[in-house]
Amino acid sequence: MKNILITGGAGFIGSHVVRLFVTKYPAYKIINLDALTYAGNLENLSDIDQSPNYFFERVNILDVPELERVFNEHQITDVVHLAAESHVDRSIHSPLDFVYTNIVGTVNLLNAAKQYWKADLENHLFYHVSTDEVYGALGATGFFTESTPYHPNSPYSASKASSDHFVRAYGETYGLPFVISNCSNNYGPYHFPEKLIPLFINNIITKRPLPVYGDGLYTRDWLYVKDHAIAIDLVFHKGKKDETYNIGGFNEWRNIDLVKLLCKQMDEKLGNQPGTSDALITYVKDRPGHDRRYAIDATKINVELGWKPSVTFEQGLSETIDWFFDNQEWLNNVTSGAYSKYYDHMYENR
Ligand code: NAD
Ligand code: TYD
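All values derive from a computational prediction rather than experimental measurement.

Q: Help me out: how do you make sense of the sheet that holds strand 10 (residues 243-247) in this one?
A: Across a sheet, paired strands are connected by hydrogen bonds in the backbone, their directions being either parallel or antiparallel. Taken in spatial order, the 7 strands of this open sheet run 3-2-1-4-5-6-10, and their pairing is parallel. Every interior strand has two partners, whereas the edge strands, strand 3 (54-58) and strand 10, have only one. In this sheet, adjacent strand axes meet at a mean angle of 20 degrees when their direction is disregarded. As paired elements, strand 1 (residues 3-7) and strand 4 (residues 78-81) share 4 bridges and run parallel to each other. For Thr7, the partnering residue across the bridge sits in strand 4 and is His81.

Listed below in structure tokens is the structure:
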């Protein structure tokens, strides 16, 4: 019997993790703790939010007494920590928001766990979900392994790197059992349309320019979000305590090549003439400190836990586009801001 606190469960990746755990493990109690910032959307979980083993707590990880209350009230046995400010461009404009949530919030959560589990720390797990961006930028060759030194370049990656260090330090100093995974760029259903793929899908639907930063030759390693959730489930249950796992799909794409594939698939699905969406591609001013290339070496999780991605990028991208076509209301609610009313609607009488 486990009572698992999943933070950030109303966000993009968190909602997939919550859905997987709630449906796959009916004997577990899943407590989704989320502040519902602009990125948190309970509509992401409307298909499972009536499940008897699902609970929602609208709590900010900066609120220490509330964290303590949640640990006590739900008798939390394990944590899967995803709550974070997650967008690099926002971190360039408002770095302190990232310091507070990603660093201070993570330390608050570590303290709450350490305090509540103090009688038998070894029977619990603090799983910290992190990013490959902590490793910095690669040149044309090579991969990030679990032993690549950290070299974060953006306020976002610096805050995630710091939170990773705190988690490891709590393991070393206080004996708090932990596991960390560092994943590459995710894409898929419920992706907030400020990130490259959902933004461009939305802009193609609404016939707006596709703003490609700089020369478009930046490279990212893309993973379907459901495969990330499956990896998190595996690492949570089978990963070695106090270790790190890199998660990625050996799936590198230069931004411009990805955008052209997206345009091609969208044109086919929309019945457009080939090249219609390519005409929307617009090169714009580069992001400051833009990391040139990310690429994950996912050998460890593959060899130790038998994980590998289940879909090719072409399949995953096609499924993602279909999901956005089928869920225009979700997209409209997010782009209009109406999604924030869902909480009041769902929870006004609870
Ligand atoms: P997201 O921005 O979609 O969701 C973040 C969630 O955290 C939201 O629901 C938000 O309401 C919540 N949140 C933010 N601040 C909070 C606070 N102070 N207290 C409580 N809740 C708060 O992010 P995502 O893309 O789903 O990423 C989830 C995690 O995975 C993050 O830790 C991120 O660093 C990591 N990650 C993301 C990617 C990616 O490609 N998106 C890749 C690797 C790792
Ligand atoms: P993004 O989805 O923001 O993820 P991250 O910065 O965490 O990798 O961006 C993915 C890549 O796409 C990155 O190289 C920046 C680039 N990009 C654009 O070219 N235009 C855009 O409008 C956005 C949002 C991103």
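Q: What is the right way to read the pairing of strand 5 (residues 125-131) from this model?
A: Residues in a regular strand point their side chains to alternate faces of the sheet. The buried count for strand 5 comes to 7 of 7 residues, which makes it a mostly enclosed element. Of the two faces of strand 5, the one holding Leu125, Tyr127, Val129 and Thr131 and the one holding Phe126, His128 and Ser130 are both buried throughout. Both strand 4 and strand 5 contribute to a ladder of 4 bridges, which runs parallel. Among the inter-strand pairings, His81 is bridged to a residue of strand 5, identified as His128. Bridging between strand 5 and strand 6 (residues 178-183) involves 6 bridges; their strand directions are parallel. Note that in strand 6 the partner of Val129 across the bridge is Ser181. Crossover handedness for the path strand 5 to helix 5 (residues 155-174) to strand 6: right-handed.

Q: Just to check I follow, could you spell out the site of ligand 1 for this structure?
A: Taken together, the neighbourhood of ligand 1 is formed by 28 residues, with Ile13, Asp34, Ser86, Tyr156 and Lys160 sitting nearest. Separating an oxygen atom of ligand 1 from a backbone N or O atom of Gly11 is a distance of 3.0 Å. Separating an oxygen atom of ligand 1 from a backbone N or O atom of Asn186 is a distance of 2.9 Å. Considering ligand 1 on its own, with 840 Å² of exposed area, one finds that the protein chains cover 97% of that surface. For the shell around ligand 1, the secondary structure elements donating two or more residues are helix 1 (12-24), strand 5, helix 5 and strand 7 (185-187). With 3 residues, the single largest contributor to the shell around ligand 1 is strand 5.

Q: In this structure, what is going on with the pattern of salt bridges? I would like to understand it.
A: A pair can form between side chains of opposite charge whenever their charged atoms are brought close. Within this structure, the stated rule accounts for 15 salt bridges. The partner of Asp233 in a salt bridge is Lys24, and the shortest N-O contact between them spans 2.6 Å. Here the residue Asp233 occupies a position in helix 7 (residues 225-238), and Lys24 occupies one in helix 1, the gap between them amounting to 209 residues. Accessibility expressed as a relative area gives 46% for Lys24, which makes it partly exposed. For Arg69, the salt bridge identified is with Glu57, shortest N-O distance 2.8 Å. Highlighted residues: Arg69 in helix 2 (residues 64-74) and Glu57 in strand 3, separated in sequence by 12 residues. Among the ionic contacts, a cluster of salt bridges with common partners joins Glu57, Glu66, Arg69 and Glu73.

Conventions and cut-offs
Residues numbered from 1 in each chain as written. Chains lettered and ligands numbered in written order. Predicted model: local features only at pLDDT ≥ 70, side-chain atom pairs only at ≥ 80, totals over all residues. Heavy atoms only, no water. Pairing = 2+ DSSP bridges. Helix = DSSP H or I, 4+ residues; strand = E, 2+ residues; numbered from the N terminus. Axes fitted to C-alpha atoms, helices over the stretch in contact; angles between N-to-C directions. Buried < 20%, exposed > 50% of the residue type's maximum accessible area, 1.4 Å probe, protein only. Right-handed = clockwise from strand over helix to strand, strands pointing away. Near = heavy atom within 4 Å. Polar contact = N/O pair within 3.5 Å; in protein donor to acceptor, adjacent residues only side chain to side chain. Areas by Shrake-Rupley, 256 points an atom, 1.4 Å probe, with all protein chains shown as cover. Salt bridge = Lys/Arg side-chain N within 4 Å of Asp/Glu carboxyl O.

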